[in-house]
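Analysis of the macromolecular model
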Amino acid sequence: SDADAIRLCMLRLKSCLDRARRVCDSYRDAYLHAYADQSERLGRAFGSAIPDHTVKMFAESETRASLVFQCAKLCQLLSRSVSRDYLKSENHAWETLVAGEAR
């Protein structure tokens, strides 16, 4: 029926959004790790001219300003909306971390 076809399309959309978010998250983590190391080295080179807090927050702020971070947040928001509005699941507030069975 049409309702089943729409549900299947929404499940596929949610799956694609979740997968895109995971790709963005892994890229963001690698980006953050690389940036954090470089900013700490640069901060140490400047000595006391730059406060430690500023050095630590530089990598985080650059990461959050990146398009990849914004894309991950958009995917997360859309995935939740699809789950809540189109799939009408009773457990839309929960996200599956690892698919399987509870024992």
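Residues numbered from 1 in each chain as written. Predicted model: local features only at pLDDT ≥ 70, side-chain atom pairs only at ≥ 80, totals over all residues. Heavy atoms only, no water.

Considerations on the pattern of salt bridges
Pairing of side chains with opposite charge becomes possible as their charged atoms draw close. Following the criterion strictly, the structure yields 4 salt bridges and no others. Salt-bridge contacts for Asp 25 lead to Arg 28; the nearest nitrogen and oxygen are separated by 3.1 Å. Of this pair, Asp 25 and Arg 28 both sit in helix H1 (residues 2-46), 3 residues apart, which is roughly one turn of the helix. With a shortest N-O distance of 3.0 Å, Arg 28 and Asp 29 are connected by a salt bridge. (Salt bridge = Lys/Arg side-chain N within 4 Å of Asp/Glu carboxyl O. Helix = DSSP H or I, 4+ residues; strand = E, 2+ residues; numbered from the N terminus.)

Focus on H1
Helix length check: H1, at 45 residues, gives a terminal C-alpha distance of 64 Å against a target of 66 Å (1.5 Å per residue), a fit within 8%. All of the buried residues along H1 are Met 10, Lys 14, Leu 17, Asp 18, Arg 21, Cys 24, Ala 36, Ser 39 and Gly 43. Tucked into the core, H1 has its buried residues touching helix H2 (52-65) and helix H3 (67-86). Just downstream of H1 lies Gly 47, where phi reads positive at about 70°. (Expected span 1.5 Å × (residues − 1). Buried < 20%, exposed > 50% of the residue type's maximum accessible area, 1.4 Å probe, protein only. Contact = heavy atoms within 4.5 Å.)

Describing the packing of H1 against H2
For the pair H1 and H2, the least separation of the axes is 8 Å and the interaxial angle reads 150°. By the angle class used here, H1 and H2 are roughly antiparallel. Seen from above, H1 lies across H2 with right-handed handedness. Of the residues in H2, those in contact with Arg 28, Tyr 31, Leu 32, Tyr 35, Ala 36, Ser 39, Glu 40 and Gly 43 of H1 are Val 55, Phe 58, Ala 59, Glu 60, Glu 62 and Thr 63. Classifying every residue of the contact of H1 with H2 by side-chain character gives 7 nonpolar, 3 polar and 4 charged. (Axes fitted to C-alpha atoms, helices over the stretch in contact; angles between N-to-C directions. Parallel < 35°, antiparallel > 145°, perpendicular 65-115°, else oblique. Left-handed = near helix turned anticlockwise from the far one by under 90°. Nonpolar A, V, L, I, M, F, W, Y, C, P; charged D, E, K, R; others polar.)

A few points about H2
For H2, built from 14 residues, the straight-helix expectation of 20 Å at 1.5 Å per residue is met to within 8% by its first-to-last C-alpha distance of 20 Å. Listed as buried for H2 are Val 55, Ala 59 and Thr 63.

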